[in-house]
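A closer look at the structure
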Amino acid sequence: MHRRGVGAGAIAKKKLAETKYKERGNVLAEDQIAQMSKQLETFKTHLEEFASKHKQEIRKSAQFRVQFQDMCATIGVDPLASGKGFWSEMLGVGDFYYELGVQIIEVCLALKHRNGGLITLEELHQRVLKGRGKFAQDVSQDDLTRAIKKLKSLGNGFSMIPVGGTYLVQSVPAELNMDHTVVLQLAEKKGFVTVSEIRSSLTWETERAKHVLEHLLKEGLAWLDTQAAGEPQYWLPALFSELYSRDVSPEEASQLMP
Amino acid sequence: MSFEWPWQYNFPPFFTLQPNADTRQKQLVAWCSLVLTYCRHHKIYTLDVMEAQESPIFNNKKIERKLPTEAVQIIFEELRKKGNLEWIDKNKSRCLIMWRRPEEWGKLIYQWVSKNGMTNSVFTLYELSNGDDTAKEEFHGLEEWMLLKSLQALQLEQKAEIIAFNDSKGVKFF
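All values derive from a computational prediction rather than experimental measurement.

1. As for the packing of aromatic side chains
For the structure shown, the criterion picks out 23 aromatic pairs over all chains. A ring pair is formed by Trp 5 of chain B and Tyr 9 of chain B, whose centres lie 3.8 Å apart and whose planes are at 10 degrees; its orientation type is stacked. Take Tyr 9 of chain B: its relative accessible area is 6%, and that puts it in the buried class. Ring centres of Phe 15 of chain B and Trp 31 of chain B lie 5.4 Å apart, and the angle between their planes is 85 degrees; on these two criteria the pair is classed as edge-to-face. Here Phe 15 of chain B, found in the segment before α1 (21-41), pairs with Trp 31 of chain B, found in helix α1; they are 16 residues apart in sequence, far enough to count as distant. Aromatic ring contacts, followed pair by pair, group Phe 3, Trp 5, Tyr 9, Phe 14, Phe 15, Trp 31, Tyr 38, Phe 58, Phe 76 and Trp 87 of chain B into a single cluster. Positioned above the aromatic ring of Trp 204 of chain A is the side chain of Arg 208 of chain A, whose terminal nitrogen or guanidinium carbon lies 4.0 Å from the ring centre. In this structure, Arg 100 of chain B packs its charged tip against the face of Trp 105 of chain B, placed 5.5 Å from the ring centre.

Dropping the structure here:
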């Protein structure tokens with residue numbers, strides 16, 4: 001009988017073939033990687049070229065900046081990831097967002113005693129623009145959102161709460177859960193909210209509504225008005241529209257110092 | 001120039017004493033500041049508590065909110081602690097409002113005197129508060145009791161001496 005390929009020789013041969021395959025495979029893979037990195041390199045060079053060529057536009061135009069950010073996001077590049085990387089050195093975008101972050105913190109701190117650390121994105125936007133002066137580069141709400149996201153990495157101090165079509169920016173680490181957020185959303189239109197409004201809009205029990213409102217009072221985010229017709233109203237200074245355009249008075253500013 | 005109300009004046013809960021201690025503290029500070037700036041603007045030197053409650057300061061007709069008596073008393077007490085208010089009678093129904101404390105007025109007057117090189121000269125009280133020379137100064141038109149208090153404060157610092165004439169008073173600055 002002749003059986004092929006079962007002897008010791010055959011095993012050795014098979015092993016040899018396997019290693020050969022493996023080696024070949026490795027070579028192929030290396031080739032592929034080399035090619036890929038070459039492609040990526042080319043792409044990066046182009047993106048860099050593009051970036052340096054349009055540096056001015058990226059820095060100046062808010063709209064252009066959004067598009068550039070989107071472009072970077074699709075290929076997994078975060079130009080803000082580090083202050084030292086190529087992107088920030090090249091474009092100064094890192095500095096731009098850091099600067100913006102500082103300005104956001106300044107505005108939030110200055111108004112904290114009024115609104116308890118809650119502010120609409122629009123108001124924040126207006127005040128940051130005002131603070132930057134006429135000749136600084138334009139800043140969009142998208143830029144603010146990005147800068148705030150960067151601030152989050154400093155701790156849980158900053159967060160954004162979606163209300164209606166916009167956002168509330170929270171600059172104090174108050175514990176807000178879904179219930180609180182929903183109530184804030186309800187208060188967005190009029191600047192205040194009542195127990196029965198919550199009951200009818202959200203079909204909650206009175207207790208649950210009261211509990212949330214008490215919490216907002218406790219955190220200094222809401223003010224109580226007992227003189228309203230019918231039932232008490234809970235007002236959110238952050239959503240009080242007349243406050244919107246008011247400057248910080250000198251008296252208020254002097255209270256900022258702890 | 002009409003009085004510019006602070007934003008809180010149109011914020012309805014401003015007229016309800018706040019249950020949260022921190023918020024209430026902010027509220028009281030804002031109220032004190034409002035009372036003082038209002039009195040300063042309208043040159044009000046005395047307040048009758050009953051009248052004050054009906055006056056526009058504590059009574060915003062536009063938003064139909066009125067600060068309750070209890071809260072008004074807390075604010076007055078707060079002002080007294082800061083040295084901006086003094087009760088006239090024991091029942092605490094009338095008070096003197098000092099939007100600047102006597103020491104602050106004294107300082108302003110003394111600055112004016114030294115700037116004009118008139119230390120060592122004698123003034124009547126009327127000259128100081130109603131004379132032509134002081135027409136541009138903030139203390140022009142100051143009521144006599146307030147002026148006297150301010151000069152007494154200066155006297156304590158040995159910067160002035162109050163002299164009694166026949167039926168009026170004068171002051172010498174050092």
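Still more to cover.
2. A few points about the pattern of salt bridges
Residues and elements named next belong to chain A. According to the stated counting rule, one finds 14 salt bridges over all chains in the structure shown. As a salt-bridge pair, Arg 146 and Asp 142 come within 3.0 Å of each other at their nearest N and O atoms. You can see Arg 146 and its partner Asp 142 sitting in helix α7 (residues 141-152), 4 residues apart, about one turn around the helix. The class of Arg 146 is partly exposed, set by a relative accessible area of 22%.

3. Observations concerning unusual backbone geometry
Residue Lys 43 of chain B is not a glycine yet carries a positive backbone phi of 50 degrees. Despite not being glycine, Asn 120 of chain B shows a phi value in the positive range, around 70 degrees.

4. So, the interface of chain A and chain B
Counting residues at the interface gives 23 residues for chain A and 25 residues for chain B. For the pair chain A and chain B, the summed buried area comes to about 1900 Å², and 58% of that belongs to carbon and sulfur atoms. Taken together, chain A and chain B are joined by 1 salt bridge. Residue Arg 65 of chain B pairs with Asp 225 of chain A through a salt bridge whose shortest N-O separation is 2.8 Å. Secondary structure elements with two or more residues in the side of chain A that touches chain B: α5 (93-115), α10 (206-218), β5 (223-225), β6 (233-235) and α11 (250-255) of chain A. By residue class, the composition of the side of chain A that touches chain B is 8 nonpolar, 6 polar and 9 charged.

5. Points about the side chain of His 125 of chain A
Within the secondary structure layout, His 125 of chain A lies in helix α6 (residues 121-132). Ignoring anything within four residues of it in the chain, the contact list for His 125 of chain A reads Val 139, Ser 140, Gln 141 and Leu 144 of chain A.

6. Quick notes on the sheet that holds strand β4 (residues 192-193) of chain A
All names here are of chain A. What the 3 strands build is an open sheet, ordered β4-β6-β5; its pairing is antiparallel. Pairing within the sheet leaves two strands with one partner each, and these edge strands are β4 and β5. Judged from the 3 bridges that link them, β5 and β6 form a sheet pairing that is antiparallel. What sits directly across from Leu 224, in β6, is Tyr 234.

7. Side note on the pairing of strand β2 (residues 159-163) of chain A
All names here are of chain A. Bridging between β2 and strand β3 (residues 166-170) involves 5 bridges; their strand directions are antiparallel. Its bridge partner lying in β3, Met 160 is registered against Val 169. The hairpin turn running from β2 into β3, its antiparallel successor, is 2 residues long, and Gly 164 in that turn takes a positive phi close to 55 degrees.

8. Overview of the sheet that holds strand β7 (residues 160-164) of chain B
Residues and elements named next belong to chain B. One open sheet accounts for 3 strands, arranged β6-β8-β7; its pairing is antiparallel. The open sheet has two edge strands with one neighbour each: β6 (122-124) and β7. The mean angle between the axes of side-by-side strands here comes to 30 degrees, regardless of whether they run parallel or antiparallel. For β7 and strand β8 (residues 169-173), the ladder comprises 5 bridges, and the chain directions are antiparallel. Considered in β8, the bridge of Ala 164 is made with Lys 169.

Rules used throughout
- Residues numbered from 1 in each chain as written.
- Chains lettered and ligands numbered in written order.
- Predicted model: local features only at pLDDT ≥ 70, side-chain atom pairs only at ≥ 80, totals over all residues.
- Heavy atoms only, no water.
- Phe/Tyr/Trp six-rings, centres within 6.5 Å; stacked < 30°, edge-to-face > 60°.
- Buried < 20%, exposed > 50% of the residue type's maximum accessible area, 1.4 Å probe, protein only.
- Helix = DSSP H or I, 4+ residues; strand = E, 2+ residues; numbered from the N terminus.
- Lys NZ or Arg CZ within 6 Å of the ring centre and 35° of its normal.
- Salt bridge = Lys/Arg side-chain N within 4 Å of Asp/Glu carboxyl O.
- Contact = heavy atoms within 4.5 Å.
- Buried area = accessible area lost by both parts, 1.4 Å probe.
- Nonpolar A, V, L, I, M, F, W, Y, C, P; charged D, E, K, R; others polar.
- Pairing = 2+ DSSP bridges.
- Axes fitted to C-alpha atoms, helices over the stretch in contact; angles between N-to-C directions.

Read these as geometric descriptors, not functional statements.
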